[in-house]
Amino acid sequence: MGTAKAELLLLASLAPLLTAQTQDIRSLVDRELPALTAVYQDLHAHPELSQHEERTSATLADALRKAGYAVTERVGKYSDGSQAFGVVAILKNGAGPVVLARTELDALPVEEKTGLAYASRVRTTNAAGQEVGVMHACGHDLHMAALLGAARILAGMKDRWSGTLMIIGQPAEETIGGASAVLADGLYTRFPRPDYAIAQHDTPDIEAGKVGVVSGPALASSTSVDVILRGVGGHGARPETAKDPIVMAAEFIMEIQTIVSRQISPLDPAVVTVGSIHGGSKHNIIPDDVTLQLTTRSYSDEVRKKILAAIERTARGVALTAGVPEDRAPIVKVSAGEYVPATYNDPKLAGRLKAVLAAALGESNVTEPRPEMGAEDFGLFGLEGRQIPIFMLRLGAADPRELAESLRTGTPLPSLHSSLFRPQVEPALRTGVLAMTAMALDLMRK
Ligand SMILES: [Zn+2]
Ligand SMILES: [Zn+2]
């Protein structure tokens, strides 16, 4: 009884302290906001495609250097040996945990149609030689500006925390490969190995000013699979002399629809999507082969393995049924480079940070959205077997009135990657700065 009373008294004495601190951070965010909004608009107007983040990484690196961080640029090696534009900025402040806070740097080959004054007009040539528009249609510019704000504020209140803050500007998130490139370049050996890794991603499903906390699996694992169904080509008018890979492809596509519906437990989330199919050149020729590109999603590795085995088995089965000779058996290739594990928000860390966010933003501004089947390479920072607890926050970006209207009419708002995606910068940016500051501060609190 006595202890409980003492605890209550202690809590009562702590409460105003917490509020005062939150107020304090809020006024610091207010002070930073005009400059951060300018940084955001500049980044938004100058987007760069994955693996080409030269200007973006330099902008972030300069700003962090000015804020007092020890900055290393061009961190990261891609699997083909080429150099990446990763940024690592370290602020050492005594003994304590190492906290990694990550933002992406890259934009998308999307032509912006928002009509905003600071809309991107950038055009470039992509790897395939096509001219494309470039746009921050995923909001990575918002994440950069928010993290920069938090980095500045934390550098200005070093008396409040103890530990090492490690800011990561990660290239090539959209093409998956940036996180592994940075890790492969000795991120955890050349620089301190983190005790926690945090990040945030904006979403048009939550109104700006609010955030979403998912505990446990938050985003799915993603695996790319290439399937080449090889037949025997011939004249379109003499199908009996050929083994038609177009018909095989049609059968294959329908058959793999049963992987999720019949072969995986309804309680295990899974997706199998055929995203591309190419075969043939003319009306009256049966081609030699058809190439398909698939993406698969799941939370557990067990389900992932089942899906991949089923794809392989189905391809072989279809070829067998068609009577394709053994030396023309289908080729099923699981892409090593285009695999990311599920993003698993450490439940203990998510629970701790949820309370921190509720104190910083107000209880009603912290929601619990559902997990998604989208994928991210942020999970790689936790290392194989979840060695480092990670947490990715969802940052609300929708105009509250537009979101309410969309829920009423059932017409969805422009999604991430849409040419019309337009986050409500105020208060999303303010909320992003507050959230990252509060989370890092708590993890390194004195
Ligand atoms: Zn994206
Ligand atoms: Zn993104």
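Residues numbered from 1 in each chain as written. Chains lettered and ligands numbered in written order. Predicted model: local features only at pLDDT ≥ 70, side-chain atom pairs only at ≥ 80, totals over all residues.

**Concerning unusual backbone geometry**
With omega at 20 degrees, the peptide bond leading from Glu426 into Pro427 counts as cis. In this structure, Pro427 sits in helix H11 (residues 425-443). Even without a glycine there, the phi angle at Ala172 is positive, about 45 degrees. In this fold, Ala172 is placed in the loop between strand E6 (163-170) and helix H4 (178-184). (Helix = DSSP H or I, 4+ residues; strand = E, 2+ residues; numbered from the N terminus.)

**Observations regarding the sheet that holds strand E8 (residues 211-212)**
Read from one edge to the other, the open sheet built from eight strands follows the order E1-E2-E6-E3-E7-E18-E8-E17, with strand pairing classed as mixed. Each having just a single partner strand, strand E1 (70-77) and strand E17 (366-367) make up the two edges of the open sheet. Sheet analysis places strand E3 (residues 98-104) next to E6, joined by seven bridges and oriented parallel. Pairing of Glu104 across the sheet is with Gln170, part of E6. Each of E1, strand E2 (83-93) and E6 is contacted by helix H2 (residues 54-66), which is oriented at about 10 degrees to E2, the strand it contacts most. (Pairing = 2+ DSSP bridges. Contact = placed C-beta atoms within 7 Å. Axes fitted to C-alpha atoms, helices over the stretch in contact; angles between N-to-C directions.)

**Description of the nonpolar core**
Counting residues in each nonpolar core, the largest one holds 113 residues, and the members touching the most others are Leu64, Val99, Ala101, Ile167, Ala435 and Ala440. A total of 12 residues in this core trace back to one element, the largest contributor, which is H11. The two domains that each donate at least three residues to this core are domain 1 (14-220 + 342-443) and domain 2 (221-340). One finds Leu49, Val110, Ala137 and Cys138 within the second-largest nonpolar core, a separate group that totals nine residues. (Core = buried A, V, L, I, M, F, W, Y, C linked by C-beta atoms within 7 Å. Buried ≥ 20, exposed ≤ 12 C-beta atoms within 10 Å, placed from the backbone. Domains from an automatic or database assignment.)

**Points about H2**
The periodicity of an α-helix, 3.6 residues per turn, causes residues three or four positions apart to be oriented the same way. An ideal rise of 1.5 Å per residue puts 18 Å on 13 residues; H2 measures up with 18 Å between its terminal C-alpha atoms. Within the span of H2, buried status applies to Thr56, Ser57, Thr59, Leu60, Ala61, Ala63 and Leu64. A positive phi of about 100 degrees marks Gly68, the residue just after H2. (Expected span 1.5 Å × (residues − 1).)

**Some details on the environment of Val247**
Residue placement: Val247 occurs in helix H6 (residues 245-255). By C-beta crowding, Val247 is classed as partly exposed, having 17 other C-beta atoms within 10 Å. Taking the C-alpha atoms as reference points, Val247 and Val290, separated by 43 residues in sequence, lie 9.7 Å from one another.

**Let's talk about the domain arrangement of the protein chain**
When its domains are assigned, the protein chain resolves into domain 1 (14-220 + 342-443) and domain 2 (221-340). Of note, the centres of domain 1 and domain 2, computed from C-alpha atoms alone, are 37 Å apart. Every contact between the two is made by 12 residues of domain 1 and, on the other side, 10 residues of domain 2. Here the side of domain 1 that touches domain 2 is built from residues that sort into seven nonpolar, three polar and two charged. (Nonpolar A, V, L, I, M, F, W, Y, C, P; charged D, E, K, R; others polar.)

**Things to note about the sheet that holds strand E12 (residues 270-279)**
In spatial order, the strands read E12-E14-E10-E15; together these four strands make up an open sheet with antiparallel pairing. Looking at which strands have only one partner, the edges of the open sheet turn out to be E12 and strand E15 (331-340). Strand-to-strand twist across the sheet, computed as the mean angle between neighbouring axes with direction ignored, equals 20 degrees. Pairing of strand E10 (residues 221-230) with E15 involves six bridges; the strand directions are antiparallel. Considered in E15, the bridge of Ile228 is made with Ile331. On the sheet, helix H8 (residues 301-322) packs against E10, E12, strand E14 (289-298) and E15 and is oriented at approximately 10 degrees with respect to E10.

**Re the packing of H6 against H8**
Orientation of H6 relative to H8, taken along the N-to-C sense of each, is 140 degrees, at an axis distance of 10 Å. As far as their axial angle goes, H8 and H6 are oblique. For the pair H6 and H8, the crossing hand works out as right-handed. Residues Met248, Glu251, Phe252 and Glu255 of H6 form the contact with H8, whose own contacting residues are Thr314, Ala315, Val318, Ala319 and Ala322. For the contact of H6 with H8, the class distribution of residues is six nonpolar, one polar and two charged. (Parallel < 35°, antiparallel > 145°, perpendicular 65-115°, else oblique. Left-handed = near helix turned anticlockwise from the far one by under 90°.)

**A short note on the confidence of the model for the protein chain**
Low pLDDT marks regions whose predicted coordinates should not be analysed in detail. Overall, the predicted model of the protein chain reaches an average pLDDT of 95, with 96% of residues at or above 70. Counting interchain partners and residues more than four positions distant, the pLDDT-below-50 stretch residues 11-16 has zero contacts. (pLDDT = per-residue confidence, 0-100.)

**So, the packing of helix H9 (residues 347-361) against H11**
One way to put it is that H9 packs onto H11 with a least axis distance of 9 Å and a crossing angle of 130 degrees. The pairing of H9 with H11 is recorded here as oblique in orientation. As H9 packs across H11, the resulting crossing turns out to be right-handed. Contacts between H9 and H11 involve Leu353, Val356, Leu357, Ala360 and Leu361 from the former and Thr431, Leu434, Ala435, Ala438, Met439 and Asp442 from the latter. Classifying every residue of the contact of H9 with H11 gives nine nonpolar, one polar and one charged.

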